[in-house]
Amino acid sequence: MSRLFFSSLLGLAWLVVASGAAASPKVDRDAARQFAEGTRAFKAGDYRRAGESFEAAYATKPHHAPLWNGARSWHRAGELVHAANLYEQYLREAPADAPDRDNATAALREVSQRTGRVELHAATGVRRPRIDGTEVRVPVLHVAPGEHVAEGDTDGAPLRKTFDVEAGARVSVTLSPAPPALAEVPPLRPLPAPPEPSSGLPPIVVLAGGVLTVAGGALTVWSGLDTVSQRDAFLGDPTQSRLDDAFSSQTRTNVLLGTTLGVAALTGVVAIFFTDWRGAQATSRVGAR
Amino acid sequence: MKRPRYVWALAPLVACALVTAFDGCTIVNGLRVPEDAGLDVATVDAGSDADASGCVGARPPPPPPPGPPSGSGLFVSVLRDFNFGLRTDGLNPSLGFNLDGVCTCPAPGSCVAKTVTCDDDQGRDYSAWRLITRAKDATYDLEKTLNDQVTTGGPSILVFVQDYNGMADDPEVTVAALASPGLFDAAGTTKLTPTFTASDAWSVSDTQVVVYQGTTLPKPSSLVRGYVKDRTLVAETPLTLRFNTNVRMVLSQALIVAKITEVDGGGFALGEGTVAGRWPTRDAIESLGSIAIAGTPICDTPALLDEVRATICGAADLSADPAAAGDRPCDAVSAAMTMRGVPASLGPPRTVVDTVTCSDAGLECP
C-alpha cells in the first residue's frame, strides 16, 4: 500500500511540475482529477474503478506513475491479464532508475504464472495486427490461458492464425504472408556448337602442337610454383613491393597458362576436326609393305 | 574416320596439359585467395528441416552441389536503402534469419538471456529493433542517418564479389564486405553525389585493401568464400555499418543474402537482400553511448548510460561467438536489416577515423 502512495505522490508531483511547462492546463487538471479519483477508489477498496481512473489519467497525460498504480489496482481486482499488460507497459516506459521497477518485475513474474505471454511478430506489409479481434500495438501481450486467434490485413488475403497458450507459458506468433514461389531461374547459357570440319591438315601439325603444349605446360608449372613462392613471401611480409612482385609473377603465369591452354585446345581441335588422318594411315600402310 | 594409334597417344598428352592448367589455376588464384590467409568457407547452416518443436528455421538457400571453381566474373556493389523493419504499431518485426539454429519460445534460447526474447515462428533472431526504436525515440534515427549519408556520398558498405561464373548456381565465389568512408573527388577532399553506377569509385578503408598498378584490391584477410544459389549470393563475413565517426554497428558475423541481378550493358550487381548478424553488447553500448543528447554524449551522463546499458543487456539474445556453450550469458544482440545493392567500383584507399567518445567504464553488462 505504501508503495502505491509513494507512486501516487510521485505522479501528482510530476503533474504539478509538468503543468508549469508546455502542457495544456486543462489536460493537467483532468489528469490530476482522474489520478485523485483513482487514489480515492483504491483507498476505498474499489480496485476496478481505481484501475479505470488511473488508466484514464495515463490516457490524458502519459506517464509511468499511473501505469504502476493501474497495474496494482487491476492486480488487486483479480484481473491478472489486465494487470500483467500494465506491468509490462510500465517496465517498457519507466526509466531504468524508477523506484518501482524491481517491484513491477517481481509482480509481473508472479502474475505471469497464471497468464499466457504472447510475443507477436509481423512481417513488413502486415497491417492492423489483432488478437481476438483487438488491435495489438505492443510487442508482448498477456492473454488468458486457452485458444486465441491472431489476425492481420495484407494487400492479399487476410491472415488468420489460431494458437493455444497455457498458464505460465510463452508463445511466439508470427503474422506473415506465405513466401512467394521461387522465381524461375533463367536457363543456363548453351555452349556454342563445335565448328564443322572443313579441310584436312597433315598430322605433323598436331605433333608440333603437342610438343608446344608440353613445353608450355612445363613453363606454366615452373611459373606457378614461383608465384606460390612470391605469394608466401607477401603473406609473410605484406608490403606493397612484395605484392607487386607477386602480381607480376601471377601475370606471367596467367599469360603462360592462357597460351598453353590455347595451344592445347587448338591442337585438340585441329587433331579432331581438321587433320586428314587417312593420308597418314595410307602412308603407314604403304610403309609396312 | 579411323585414327592411327599415336593420335590416341595425344589424348593423355592433352589431358596432362589440362591437369597442368587446372593446377596452374589453383596456383594463380592462390595469390588472390590464399588458403592459409584466414579465408573462411561459408559454413552457413542452410538447412530448412523443422526441429523437434516443429519450428522451421529461416535460413539462406542451401549451397549448390560442389564443383570446380570456374568463374572469373567480378563485380562491386554499394549497399543502400537500408531498412530495419521497424513497425509503427510497436510489434516485433519479422526479419532476418535464424542465426543460432534455435527457435526460442517454446525452445530455450541458445544462451542465458536476462530477458527471454522470443524468435518468430521461423526462429528469426532480431532483438536489436528495440535498441533502434529507443534511439529513434531519442531523436537519433539510425536508418535515416544511414540512408541519407549513402545518398550524399557518405559512409556505406561495398560488397566485392569475384570468381563468379555468371550462372544461377555457383558453388564457390569470393566475397569481401568493405567499409567505405564515402565517395570523394580525385583530390579526396570533396564529397561527391553518387550516380549509383559502376562509374562511382567509392573510397575503401585502407585497412582492407591494397593497390596494385593503380587498381584497388581487397587484402586476403578481407576475403571470405560464399556461394550463389538460384542467383542469390550467400556469404558470412564481419561487417561494420558506420552511422558517423563514432556511432557504428559492428556485426561480428554478418550473413549477407542478396539477389544477383544483371546490369544494363553487361555485368552484375547485388539487388535486394538481407543482412543479419551478431552485435556484441560491448560494441553496442559504446556505440549507442556515443550518441549525443543535447550536445552531451550519453556515456557522459551516468543515468542515461545506465538506461542504455539496461536496454542493450536486456535485449542480448545471442552469444557473440557462435561456438560458445549454451550455458553462458548472452553477450550479443541479434540485428537484421534489408538493403539493396547498386553498381559501384573500388576507389582509392582512405583512412577511416574512429573517434573514441566513451571510456571503458560501464561498457560491460552486469
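Residues numbered from 1 in each chain as written. Chains lettered and ligands numbered in written order. Predicted model: local features only at pLDDT ≥ 70, side-chain atom pairs only at ≥ 80, totals over all residues. Heavy atoms only, no water.

Q: So what's going on with helix α3 (residues 142–151) of chain B? Residues and values would help.
A: Residues and elements named next belong to chain B. Taken residue by residue, α3 has Leu142, Leu146, Asn147, Gln149 and Val150 as its buried positions. The buried side chains of α3 occupy one side of the element, clustering within an arc of 165° when seen end-on. Against β1 (73–83), α2 (128–137), β3 (156–164), β5 (201–205), β9 (232–242) and α4 (281–289) lie the buried residues of α3. N-capping of α3 is provided by Asp141, with a side-chain oxygen placed 3.2 Å from the backbone N of Glu143. In the stretch just after α3, Gly153 is the one whose phi turns positive, near 85°. (Buried < 20%, exposed > 50% of the residue type's maximum accessible area, 1.4 Å probe, protein only. Helix = DSSP H or I, 4+ residues; strand = E, 2+ residues; numbered from the N terminus. Arc of directions from axis to C-beta. Contact = heavy atoms within 4.5 Å. Polar contact = N/O pair within 3.5 Å; in protein donor to acceptor, adjacent residues only side chain to side chain.)

Q: Run through the confidence of the model for chain B, naming residues and quoting values.
A: For residues with low pLDDT, the predicted coordinates do not support detailed interpretation. Residue and element names in this part refer to chain B. Residues at a pLDDT of 70 or more form 84% of chain B, whose mean pLDDT is 84. Counted against residues more than four places away or in other chains, residues 1–7, with its pLDDT under 50, gives 14 contacts. Long-range and interchain partners of residues 16–45, a stretch whose pLDDT sits below 50, account for 60 contacts in this model, where long-range means more than four residues apart. Scored as a complex, the prediction yields pTM 0.71 and ipTM 0.72. (pLDDT = per-residue confidence, 0-100.)

Q: Could you give an account of the confidence of the model for chain A, naming the residues involved and the relevant values?
A: Residue and element names in this part refer to chain A. Across chain A, pLDDT averages 80, with 79% of residues at or above 70. Across residues 181–198, where pLDDT falls below 50, the model places 16 contacts with residues more than four positions away in sequence or in other chains. Counted against residues more than four places away or in other chains, residues 280–289, with its pLDDT under 50, gives 5 contacts.

Q: Before we move on, can you summarise the sheet that holds strand β2 (residues 127–131) of chain A with the specific residues and values?
A: Residues and elements named next belong to chain A. The 4 strands lie next to each other as β3-β2-β5-β6, forming an open sheet whose pairing is antiparallel. Every interior strand has two partners, whereas the edge strands, β3 (134–135) and β6 (159–165), have only one. Where β2 meets β3, 2 bridges bridge the pair, whose relative direction is antiparallel. Each bridged residue has a counterpart across the sheet, and for Arg130 the counterpart in β3 is Glu135. (Pairing = 2+ DSSP bridges.)

Q: I'd love a proper account of a nonpolar patch on the surface, names of residues and values included.
A: A grouping of Leu201, Ile204, Val205 and Leu207 of chain A is seen on the molecular surface, where their side chains present a nonpolar patch of about 330 Å² in accessible area. Note on Val205 of chain A: relative accessible area 37%, which makes it partly exposed. (Patch = residues over 30% accessible without salt bridge, like charges linked within 9 Å, V, L, I, M, F, W, Y side chains within 5 Å. Areas by Shrake-Rupley, 256 points an atom, 1.4 Å probe, with all protein chains shown as cover. Salt bridge = Lys/Arg side-chain N within 4 Å of Asp/Glu carboxyl O.)

Q: Got a sec to walk through the pattern of salt bridges? Specific residues and values, please.
A: Residue and element names in this part refer to chain A. Taken as a whole and assessed by the stated rule, the structure comprises 29 salt bridges over all chains. Between Asp155 and Arg127 there is a salt bridge, with its nearest N and O atoms 3.0 Å apart. In this pair, Asp155 sits in the loop between β5 (146–153) and β6 while Arg127 sits in strand β2, placing the two residues 28 residues apart along the sequence. Owing to a relative accessible area of 75%, Asp155 belongs among the exposed residues under this scheme. Given a relative accessible area of 41%, Arg127 falls into the partly exposed group. Salt bridges sharing partners connect three or more residues here, namely Arg128, Arg130, Glu135, Arg137 and Asp153.

Q: A description of the environment of Asp206 of chain B should follow, citing residues and the corresponding values.
A: All names here are of chain B. If you trace the backbone, Asp206 turns up in the loop between β5 and β6 (209–212). Of the residues examined, Asp206 reaches a relative accessible area of 31% and is grouped as partly exposed. Once the C-alpha coordinates of Asp206 and Ser180 are considered, the two residues, 26 residues apart in sequence, prove to be 9.4 Å apart. With residues near it in sequence (within four places) discarded, Asp206 still touches Lys219, Pro349, Arg350 and Thr351.

Q: So what about the environment of Pro129 of chain A? Which residues, and what values?
A: Residue position: Pro129 of chain A is located in strand β2. As a C-alpha pair, Pro129 of chain A and Thr227 of chain A span 98 residues in sequence and 61 Å in three-dimensional space. With residues near it in sequence (within four places) discarded, Pro129 of chain A still touches Leu120, Thr134, Glu135, Val136, Glu151, Gly152 and Leu175 of chain A together with Arg87, Asp89 and Leu91 of chain B.

Q: How would you explain the state of the cysteines if you had to name every residue and give the values?
A: By definition, a disulfide links two cysteine residues through a covalent bond between their sulfur atoms. All names here are of chain B. Evaluation of the coordinates by the stated rule reveals 4 disulfides over all chains. Here Cys105 is linked by a disulfide to Cys118, with a sulfur-sulfur distance of 2.0 Å. Looking down the S-S bond of the Cys105 and Cys118 bridge, the torsion is -65°, so its handedness is left-handed. Of this pair, Cys105 sits in the loop between β2 (92–93) and α2 while Cys118 is found in the loop between β2 and α2, placing the two residues 13 residues apart along the sequence. With relative accessibility at 3%, the residue Cys118 sits in the buried group. The disulfide bridge from Cys313 ends at Cys365, spanning 2.0 Å between sulfur atoms. Handedness here is read from the sign of the S-S torsion; for Cys313 and Cys365, about -95°, the answer is left-handed. Of this pair, Cys313 sits in helix α5 (residues 302–315) while Cys365 is found in the segment after β14 (332–350), placing the two residues 52 residues apart along the sequence. The exposure class of Cys365 is partly exposed, given its relative accessible area of 25%. (Disulfide = S-S within 2.5 Å.)

Q: Which residues make up the packing of helix α4 (residues 64–76) of chain A against helix α6 (residues 101–112) of chain A, and what are the values?
A: Residues and elements named next belong to chain A. Contact geometry of α4 with α6 gives a least axis separation of 12 Å together with a crossing angle of 30°. One way to sum up the angle between α4 and α6 is to call them roughly parallel. Taken as a pair, α4 and α6 cross one another with a handedness that is left-handed. Counting all contacts with α4, which are made through Trp68, Arg72 and His75, the residues of α6 involved are Asn103, Ala104, Ala107, Glu110 and Val111. Considering only residue class, the contact of α4 with α6 consists of 4 nonpolar, 2 polar and 2 charged. (Axes fitted to C-alpha atoms, helices over the stretch in contact; angles between N-to-C directions. Parallel < 35°, antiparallel > 145°, perpendicular 65-115°, else oblique. Left-handed = near helix turned anticlockwise from the far one by under 90°. Nonpolar A, V, L, I, M, F, W, Y, C, P; charged D, E, K, R; others polar.)

Q: Which residues make up the pairing of β1 of chain B, and what values do they have?
A: All names here are of chain B. By the bridge criterion, 5 bridges tie β1 to β3 in an arrangement that is antiparallel. Residue Phe75 lies in a different strand from β3, and its bridge partner there is Val161. Relative to β14, β1 runs antiparallel, the two sharing 6 bridges. Note that in β14 the partner of Leu79 across the bridge is Gly341.

Q: Can you tell me about the packing of aromatic side chains, naming the residues and giving the values?
A: Taken as a whole and judged by the stated rule, the model has 9 aromatic pairs over all chains. Where Trp68 of chain A meets Tyr90 of chain A, the ring centres are 5.8 Å apart and the plane angle is 45°; that geometry is what we call tilted. Of this pair, Trp68 of chain A sits in helix α4 while Tyr90 of chain A sits in helix α5 (residues 80–93), and the two are 22 residues apart along the sequence. With centroids separated by 4.3 Å and ring planes inclined at 25°, the aromatic side chains of Phe247 of chain A and Tyr212 of chain B adopt a geometry described as stacked. Here Phe247 of chain A, found in helix α8 (residues 240–274), pairs with Tyr212 of chain B, found in strand β6, and the two come from separate chains. Both residues of the pair, Phe247 of chain A and Tyr212 of chain B, belong to the buried class. One aromatic cluster is present, formed by Trp68, Tyr87 and Tyr90 of chain A through successive ring pairs. The side chain of Arg80 of chain B reaches across the aromatic face of Phe196 of chain B, ending 3.9 Å from its centre. The side chain of Arg350 of chain B reaches across the aromatic face of Phe184 of chain B, ending 3.5 Å from its centre. (Phe/Tyr/Trp six-rings, centres within 6.5 Å; stacked < 30°, edge-to-face > 60°. Lys NZ or Arg CZ within 6 Å of the ring centre and 35° of its normal.)

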